[in-house]
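Chains, contacts and geometry: an overview
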Amino acid sequence: MLKLTMRQENSYLMEKLKIKKYDHKKIDAKWQKFWLKNKAFEVKNVSKKENFYVLDMFAYPSGEGLHVGHPRGYVGSDVLAHYYHLKGLNVMHPMGFDAFGLPAENAAIKAGLHPMESIPKNIERFTKQLQVLGLAYDWGRAINTSVPEYYKWTQWLFSVLYKNGWAYQKESYVNWCPKDKTVLANEQVVNNCCDRCGATIVQKKKKQWFFKITDFAEELLSGLDKLDWPESTKELQRNWIGKSTGAELTFEVIDHKKTIKVFTTRADTLFGATYLVLAPEYEGLKEFISKDKAKEVGKYIKLAKQKTELERISDEKNKSGVFTGSYAINPANGEKIPIWVADYVLANYAFGAVMAVPAHDKRDYEFAKKHKLLIVEVVSSPGGKLPYTGHGKLVNSGKFGGKDSNRVANLITKEVKGKLSTKYKLRDWSISRQRYWGSPIPVFYDENDQPILVDEKDLPIILPKNVEFKPTGESPLVGSREFNKIPEKYKKLGAVKKECDTMDTFVCSSWYFIRYADPHNNKKFADTKKIDKWLPVNIYVGGAEHATGHLLYARFITKALHKLGLLNFDEPFLSLRHQGMILGDDGKKMSKSKGNVVNPDEIIEAWGADALRVYEMFVGPFDQWVAWDTAGIEGVRKFLNRVWSFVPVKSALATDEAIHKLIKKITLDIENTHFNTAISSFMEFTNLAVKKGISKKTLNILIILLSPFAPHLAEEMNYKLGNKKSVFESQWPKYDPKKLQSKKSTVAIQVNGKLRGTIEIDTDLAENRVKELAMKVEAVQRHLADEKNPKYHYVPNKIINFIAKK
Ligand code: ANZ
């Protein structure tokens, strides 16, 4: 037989067996209607079975609808939901809409459509698009964060945090996006640009509401260890939290009553601290500026404030700074050391002050060189080269001289009456937004600007519709007379003003997964018993880009509510899996402007929902980015046609053994989210069954295994086989371990008709694998010389004969 390419082989088999295409339009519509009508995937809170919660990151209902990239995660979680359901668990798999936020508002400004009108339309369209993919969502639990029934509880969450001191106001520098005209959280700033519009961020001083996530820094860090999450995502969170252990040391200032505290991770180098550096925003800095330096320092501070944080810390070469005119005393050796101001010291980390050790810190070294400051080596540098940042024997360090630098930090700290200390890079979460399309913050103010919290029973504070919401930098709600009316009750409490900022939408998404347990409750954010039935989430599927945003916020809110006794668990998502992005066929991110967007509706129309689903699972490892390839869909569709060709059944027993191997493989692959290798195994098995036939019993098993991936086809075939119940009322098949041992054959290897060796193979090993193995045999290699691609003839399981050129 001639060697055929996979493609030729496909069409050969199709031709030979007259494989008919199935009518996907009819079949897709039939079963989608059936599932919806029978509420097939709506799940009860209480069941005899064990509950299991499979969650997708909910959708942002943009006006553009879905592109083929979106369903990758959704199909993946759908496979998991179906699988665990078939395994006998009571599975909840909900979907909802993260509907507040800037994109909707910006789109509204552009198109002149009010978000209260556009969002429900977009949600309707999204819902339809998700339904034609055959996704098994419990639509009875769908939520929309922009309706009062939901944001009432977002406001309640705010008030709970406020009452416990975890929501507070502070005047501070905030990231200001000059284009979107709003404050952004640190997590929304990427490379000093707005992660939505790309504009360069400027620092602005504003009174803002903050959530005290820093109170939970240690728990957020230690909690990661017990989570089944991708290691890379855990590492991103660890770095974001940024724990440092070191010491707090105090420096007396000459001729001043005040002292300066610094945080250092290298107390062992204290004898080498030859100057101090303060951040330009250091509180009390003025006192240390001598008269003759006032002008110069004042100018420097003004200039530093115009720079962004990134510019300040990345300006490696040009370490600018000025001398204050004051001196401090190094507590270790009593030396008089100058106090400088420099913008590489950050005001909001530790104390905003650094003891500079130029011999052993790169930044300090460059600074000292530039400004001609004293450099004293205190850790012996092996090659004598400075700066030396490693460890070694102490020198120039008084009674500590000769000791190992690794061991003296605590001793030196004690000697100078410092204390051990831990610092975190994590900052509190700024949640105030000067925009319209978000949940109002439930607060009034009295005439002294002190907040008066709105009573829980007066919630929600309704977001009015009739508001001019074009961004001006001032909160649009300021201009709404309707919104700013103060009820008598609050007037009596002294209220003269209402909070007009709205909440960051990440607040809405920091607790939505709890609401699914009890989405229609109007007395509580969710009933405790129901929460306990479902949470924590067993498997969460979503994008890796949320590592230090949403995924951190959701953990924080969970921990806060847990501390208050409102939740009985302290981690929201036990397992997490990321789906990779699907790029355009040009390898670039899909976007309208690049013209490389593929619309799933068109793909479904041409090839059917199951072809799209299986393709998305087959295209590459689940967590990896891959480019779209329409030709790939064709191959997948042919595979499905082949499965379809198994009814009516032409019974044969040959595949009855092979199916056990398939059950084991598919089970493991699904549990490990190795969906692409699962599909390859289906394809291999199907090719075998096309050649050798399949019994009805085995076909029934195949259909159940395939149903999570291709639910429409599976339902229709299940029905055609005469089964009365939905395929999803079946049980996940079990394999018989005894049937897994594959039969072995010995294949003789010849080169030009002469026997050169033998190999032992699993009977029916794919031909190209046999060829590969045979070519690795040493004697065969020798006789084939350098031929990479020799012609050969294969008699399955018996002989392979290579035809060498000479
Ligand atoms: C003296 C020293 C000597 C330091 C040495 C390092 C090496 P991490 O690990 O990131 O926490 N530092 C302290 N506060 C700072 C601030 N507000 N802005 C900028 N830098 C600050 O870094 C801790 C180190 O960063 C501290 O240890 C301090 O410099 C500096 F050979 O103290 B070190």
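Residues numbered from 1 in each chain as written. Predicted model: local features only at pLDDT ≥ 70, side-chain atom pairs only at ≥ 80, totals over all residues. Heavy atoms only, no water.

Remarks on the pattern of salt bridges
Using the criterion set out here, one finds 36 salt bridges in the structure. One salt bridge connects Asp504 with Arg433, and the closest N-O pair in it is separated by 3.1 Å. Pair noted here: Asp504 is in the loop between strand S20 (502-503) and helix H15 (505-508) and Arg433 is in strand S16 (residues 432-433), with a separation of 71 residues, a long-range link. When its relative accessible area of 1% is taken as the criterion, Asp504 is described as buried. One salt bridge connects Arg769 with Glu772, and the closest N-O pair in it is separated by 2.9 Å. Taken as a pair, Arg769 and Glu772 lie in helix H26 (residues 767-776) at a separation of 3 residues, close to a single helical turn. (Salt bridge = Lys/Arg side-chain N within 4 Å of Asp/Glu carboxyl O. Helix = DSSP H or I, 4+ residues; strand = E, 2+ residues; numbered from the N terminus. Buried < 20%, exposed > 50% of the residue type's maximum accessible area, 1.4 Å probe, protein only.)

Here's the deal with the nonpolar core
Among the nonpolar cores identified, the biggest contains 170 residues, and Trp429 and Phe709 are the most heavily contacted of them. With 48 residues, the next largest nonpolar core counts Val262, Leu394, Val408 and Ile412 among its residues. (Core = buried A, V, L, I, M, F, W, Y, C linked by side-chain atoms within 4.5 Å.)

What to know about the packing of aromatic side chains
On inspection of all chains with the given rule, the structure shows 48 aromatic pairs. Ring geometry for Tyr83 versus Tyr84: centroids 4.9 Å apart, planes at 70 degrees, classification edge-to-face. Here Tyr615 and Trp628 contribute two aromatic rings whose centre-to-centre distance is 4.8 Å and whose plane-to-plane angle is 75 degrees, an arrangement assigned as edge-to-face. Taken together, the residues span a long stretch of sequence, with Tyr615 in helix H20 (residues 609-618) and Trp628 in the loop between strand S24 (626-627) and helix H21 (630-644) at a distance of 13 residues. Judged by relative accessible area, Trp628 falls into the buried class, the value being 2%. An aromatic cluster of at least three residues, connected via ring pairs, comprises Phe158, Tyr162, Trp166, Trp209, Phe211, Phe216, Trp429, Phe506, Tyr553 and Phe556. Here the guanidinium or amino end of Lys30 rests over the ring plane of Tyr719, the centre of that ring lying 4.0 Å away. Above the face of the Tyr344 ring, Lys319 is positioned so that its terminal group lies 5.5 Å from the ring centre. (Phe/Tyr/Trp six-rings, centres within 6.5 Å; stacked < 30°, edge-to-face > 60°. Lys NZ or Arg CZ within 6 Å of the ring centre and 35° of its normal.)

Remarks on the packing of H21 against helix H25 (residues 711-720)
Contact pair H21 / H25: the axes reach a minimum separation of 11 Å and the direction vectors enclose 15 degrees. As the angle between them shows, H21 and H25 are arranged roughly parallel. The two elements H21 and H25 cross, and the hand of that crossing is right-handed. In this structure, H21 contributes Leu640, Val643 and Trp644 to the contact, and H25 contributes Leu713, Glu716, Met717 and Lys720. For the contact of H21 with H25, a count of residues per class yields 5 nonpolar, no polar and 2 charged. (Axes fitted to C-alpha atoms, helices over the stretch in contact; angles between N-to-C directions. Parallel < 35°, antiparallel > 145°, perpendicular 65-115°, else oblique. Left-handed = near helix turned anticlockwise from the far one by under 90°. Contact = heavy atoms within 4.5 Å. Nonpolar A, V, L, I, M, F, W, Y, C, P; charged D, E, K, R; others polar.)

What about the sheet that holds strand S19 (residues 497-498)?
In spatial order, the strands read S18-S17-S19; together these 3 strands make up an open sheet with antiparallel pairing. Either end of the sheet is taken by a strand with one partner, and the two such strands are strand S18 (451-453) and S19. Direction of pairing for strand S17 (residues 443-445) relative to S18: antiparallel, over a ladder of 3 bridges. Among the inter-strand pairings, Val443 is bridged to a residue of S18, identified as Leu453. In the packing of helix H6 (residues 148-163) onto the sheet, the strands contacted are S17 and S18, and the crossing angle to S18 comes to about 120 degrees. (Pairing = 2+ DSSP bridges.)

Some words on helix H4 (residues 102-111)
Since the α-helix turns once every 3.6 residues, residues separated by three or four places project in the same direction. All buried positions along H4 are accounted for by Leu102, Ala104, Glu105 and Ala108. Seen end-on, H4 carries its buried residues on one side only, within an arc spanning 165 degrees. Counted as exposed and oriented over 90 degrees from the buried face of H4: Lys110 and Ala111. Turning to H4, the residues buried within the fold contact helix H5 (115-131) and strand S4 (182-184). Positive phi shows up at Gly112, right after H4, with a value of about 70 degrees. (Arc of directions from axis to C-beta.)

Examining the site of the ligand
With respect to spatial proximity, 19 residues lie near the ligand, and among them Ser244, Thr264, Leu346, Tyr349 and Lys425 are the closest. Out of a free accessible area of 650 Å², the ligand has 87% covered by protein chains. Looking at the shell around the ligand element by element, the count peaks at 3 residues for strand S13 (residues 353-356). Broken down by class, the residue content of the shell around the ligand amounts to 9 nonpolar, 6 polar and 4 charged. (Near = heavy atom within 4 Å. Areas by Shrake-Rupley, 256 points an atom, 1.4 Å probe, with all protein chains shown as cover.)

Digging into the pairing of strand S1 (residues 51-56)
The buried fraction of S1 amounts to 6 of the 6 residues, a majority that puts the element mostly inside the structure. Taking every second residue as pointing to the same face, both faces of S1 are buried, with Asn51, Tyr53 and Leu55 on one and Phe52, Val54 and Asp56 on the other. As paired elements, S1 and strand S2 (residues 90-92) share 3 bridges and run parallel to each other. Paired with Tyr53 across the strands is Met92, a residue of S2. Since S1 and S2 lie parallel, the crossover through helix H3 (residues 71-86) that links them has a hand, and here it is right-handed. Where S1 meets strand S21 (residues 537-542), 3 bridges bridge the pair, whose relative direction is parallel. The residue bridging Asp56 from the neighbouring strand is Val541, located in S21. (Right-handed = clockwise from strand over helix to strand, strands pointing away.)

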